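# Working through the structure, step by step
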Amino acid sequence: MSNNVLVIRDSQFDSEVLKAEQPVLVYFWADWCGPCRLVSPSIEAIATTYHERVKVVKMEIDPNPDTVKLCKVEGVPALRLFKSQEIVQSHEGAISKPKLIEWLNTGLS
């Protein structure tokens, strides 16, 4: 995991996501999820490229049921973009890096 991606748990969600000054991209994943392994490198790249515009956090779904429920995560990989404590964009399922960048740019604009 790169230094730009913060791995958090349910107990840290409020302070790291909801109280964040900047937009936060939350990446939900599971170690048993094949598509998650395909998306992870793109999340790393986004975290490095966009570190000044968005905070990137990663949450494993199985040990963090409260946040999964709060964010209405139905499947993984899942993305939630938060701005000012609100989910402004959601995506579920594998996503290519170009589509991820397009999705993120739309949400940040």
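Here we summarise the structure given alongside this text. Numbering of residues begins from 1 in every chain and follows the order in which that chain's sequence is written. Owing to the predicted nature of the model, reporting of local features is limited to residues with pLDDT of at least 70; listing and counting of side-chain atom pairs is limited to 80 or more, with chain, interface and lining totals taken over all residues. Processing note: side-chain calculations cover all non-hydrogen atoms of the structure and skip hydrogens and water entirely.

### Notes on helix α1 (residues 10-18)
For α1, the complete set of buried residues consists of Asp 10, Phe 13, Val 17 and Leu 18. Within α1, the buried residues cover an arc of 70° as seen down the axis, which keeps them to one side. Among the structural elements, β2 (24-29), β3 (55-60), α3 (65-70) and β4 (78-83) are those in contact with the buried residues of α1. Any residue under 20% of the maximum accessible area for its type is buried, any over 50% is exposed, and the rest in between are partly exposed; the area is computed with a 1.4 Å probe on protein chains only. Segments assigned H or I by DSSP are reported as helices when at least four residues long, segments assigned E as strands when at least two residues long, and all are numbered from the N terminus. Here the arc refers to the directions that run from the helix axis out to each C-beta atom. In this description, contact between two residues means that some pair of their heavy atoms is separated by no more than 4.5 Å.

### Quick notes on the nonpolar core
Buried Ala, Val, Leu, Ile, Met, Phe, Trp, Tyr and Cys residues that are joined via side-chain atoms within 4.5 Å together make up what is termed a nonpolar core. Grouped together as the largest cluster of nonpolar side chains are 38 residues, with contacts concentrated most on Phe 13, Val 26 and Phe 28. Elements represented by at least two residues in this core include exactly α1, β2, α2 (34-49), β3, β4 and α4 (97-108). Looking at this core element by element, the count peaks at 6 residues for β2. Beyond its immediate chain neighbours, meaning those up to four positions away, Phe 13 contacts Ile 8, Leu 18, Val 26, Met 59, Thr 67, Leu 70, Cys 71 and Phe 82.

### A closer look at the pairing of β3
A large share of β3 lies buried, amounting to 5 of its 6 residues. As defined by bridge partners, strand β1 (residues 5-7) adjoins β3 across 3 bridges and the pair is classed as parallel. In the strand pairing of β3, Leu 6 is matched with Val 57. Here, a strand pair is defined by DSSP locating no fewer than two bridges between the strands. In this structure, β2 lies alongside β3, joined through 6 bridges in parallel fashion. Its bridge partner lying in β3, Val 24 is registered against Lys 55.

### Remarks on unusual backbone geometry
The omega torsion of the bond from Val 76 to Pro 77 falls at 0°, within 30 degrees of zero and hence cis. Inspection of the secondary structure assignment puts Pro 77 in the loop between α3 and β4. Even without being a glycine, Lys 72 presents a positive backbone phi close to 55°. Mapped onto the elements, Lys 72 comes out in the loop between α3 and β4. At Gln 85, a position not held by glycine, the phi torsion is positive, near 70°. Here Gln 85 falls in the exposed class, since its relative accessible area comes to 53%.

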